[in-house]
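# Structure at a glance
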Amino acid sequence: HGMGPVPRGLSGPEEIDFPKKFAKGTIVVVVKHRRLYFVTERGRALRYVVGVGREGMSWKGTAQIARKAEWPSWTPPADMRVRARKKGVFLPDRLDGGRNNPLGARALYLYKNGKDTLYRIHGTNEPWNLGQAVTAGCIRMLNHHVADLYKRVSIGTTVIVM
């Protein structure tokens with residue numbers, strides 16, 4: 001499957017009690033806790049450790065999954081390429097999917113009112129960054145975990161980032 005081993009301390013997901021106000025099938029991301037919750041039934045959820053947006057880069061709100069991709073290609077947004085260039089890093093216009101792709105094994109594309117937010121829930125080839133605020137706003141997961149979540153969700157799934 002090409003996802004590599006699961007790093008120590010990142011087993012899971014763990015099933016936990018969760019507030020009953022969230023409907024079954026909803027994804028809830030709590031940025032300050034750096035956790036993603038997939039509601040399995042009212043009052044229960046699977047908890048995953050995630051990486052979130054660094055200060056000033058985090059997005060919050062409600063969106064829907066409008067697209068899913070396995071081993072997705074990555075097209076860095078223009079503003080990300082400009083920020084990187086200012087630091088002396090030159091990002092490609094596009095990178096094919098695979099082990100060296102920063103989107104990892106799976107990507108869930110977040111849309112709001114039918115428009116692409118440019119934010120994703122995706123895998124990572126940098127698992128040591130999970131549990132930290134290091135991304136440009138996307139929600140990063142261990143490749144094994146995003147593959148698990150990918151199987152559980154469908155197009156139209158509600159995602160709440162708070």
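Refer to the structure printed above.
Notes on the structure follow. (Residues numbered from 1 in each chain as written. Predicted model: local features only at pLDDT ≥ 70, side-chain atom pairs only at ≥ 80, totals over all residues. Heavy atoms only, no water.)

### Things to note about the overall build of the chain
Along the chain, the regular secondary structure elements total two helices and 10 strands. When the helices and strands of the chain are listed from N to C terminus, the series reads β-β-β-β-β-α-β-β-β-β-α-β. Compactness check: the chain gives a C-alpha radius of gyration of 15 Å against a globular reference of 15 Å for 162 residues, within 12% of the reference. Looking at the chain as a whole, 43% of its 162 residues qualify as buried. In the chain, the share of contacts with a sequence separation of at least 24, taken over all contacts with a separation of at least 6, comes to 63%. (Helix = DSSP H or I, 4+ residues; strand = E, 2+ residues; numbered from the N terminus. Rg over C-alpha atoms; globule rule 2.2 N^0.38 Å. Buried < 20%, exposed > 50% of the residue type's maximum accessible area, 1.4 Å probe, protein only. Contact = heavy atoms within 4.5 Å.)

### Focus: the side chain of Arg106
Summarising the element assignment, Arg106 is placed in strand S6 (residues 106-112). Given a relative accessible area of 12%, Arg106 falls into the buried group.

### Topic: the environment of Leu95
If you trace the backbone, Leu95 turns up in the loop between helix H1 (78-86) and S6. You can call Leu95 partly exposed: its relative accessible area is 29%. Separated by 51 residues in sequence, Leu95 and Arg44 have C-alpha atoms that sit 38 Å apart. Every residue in contact with Leu95, bar those within four places of it in the chain, is listed here: Ser73, Trp74, Asn100, Asn101 and Pro102.

### Points about the side chain of Asn101
By the secondary structure assignment, Asn101 is in the loop between H1 and S6. Of note is the side chain of Asn101, whose polar atom sits 3.0 Å from the backbone oxygen of Asp96. Not counting residues up to four positions away in its chain, the partners in contact with Asn101 are Pro72, Ser73, Trp74, Leu95, Asp96 and Asn125. (Polar contact = N/O pair within 3.5 Å; in protein donor to acceptor, adjacent residues only side chain to side chain.)

### Considerations on the nonpolar core
Formed by 23 residues in total, the largest nonpolar core has its most connected members in Ile27, Leu36, Ile121, Met141 and Leu149. At the level of secondary structure, the elements contributing two or more residues to this core comprise strand S2 (27-30), strand S3 (35-41), strand S4 (44-53), strand S5 (61-70), S6, strand S9 (139-141), helix H2 (143-152) and strand S10 (158-161). Setting aside its immediate chain neighbours within four residues, Leu149 contacts Ile27, Leu36, Phe38, Tyr48, Leu108, Ile121 and Met141. The next biggest cluster of nonpolar side chains, apart from the first, holds eight residues, and it includes Ile16, Phe18, Tyr37 and Val39. (Core = buried A, V, L, I, M, F, W, Y, C linked by side-chain atoms within 4.5 Å.)

### Quick word on the packing of aromatic side chains
One pass over the structure, following the stated rule, counts three aromatic pairs. Pairwise contacts between aromatic rings join Phe18, Phe22 and Tyr37 into one cluster. For the cation-ring pair, Arg67 lies above Tyr109, with the distance from its terminal atom to the ring centre recorded as 4.1 Å. If you follow Arg106 out to its NZ or CZ, it ends over the ring of Tyr150, 5.5 Å from the centre. (Phe/Tyr/Trp six-rings, centres within 6.5 Å; stacked < 30°, edge-to-face > 60°. Lys NZ or Arg CZ within 6 Å of the ring centre and 35° of its normal.)

### Examining unusual backbone geometry
A positive phi angle, close to 50°, is found at Asn113, a residue other than glycine. Within the fold, Asn113 resides in the loop between S6 and strand S7 (115-122). Classification of Asn113 by relative accessible area gives exposed; the value is 75%. Here Leu118, not a glycine, exhibits a phi torsion of approximately 70°, which is positive.

### Looking at the pairing of S6
Extensive coverage of S6 is indicated by the burial of five of its seven residues. With six bridges joining them, S5 and S6 adopt antiparallel strand pairing. Within the sheet, the bridge partner assigned to Lys68 lies in S6 and is Leu108. Pairing of S6 with S7, which is carried by five bridges, proceeds in the antiparallel orientation. Residue pairing across strands places Lys112 opposite Lys115, the latter belonging to S7. Taken together, S6 and the strand that follows it, S7, pair antiparallel across an intervening segment of two residues, in which Asn113 is found at a positive phi of about 50°. (Pairing = 2+ DSSP bridges.)

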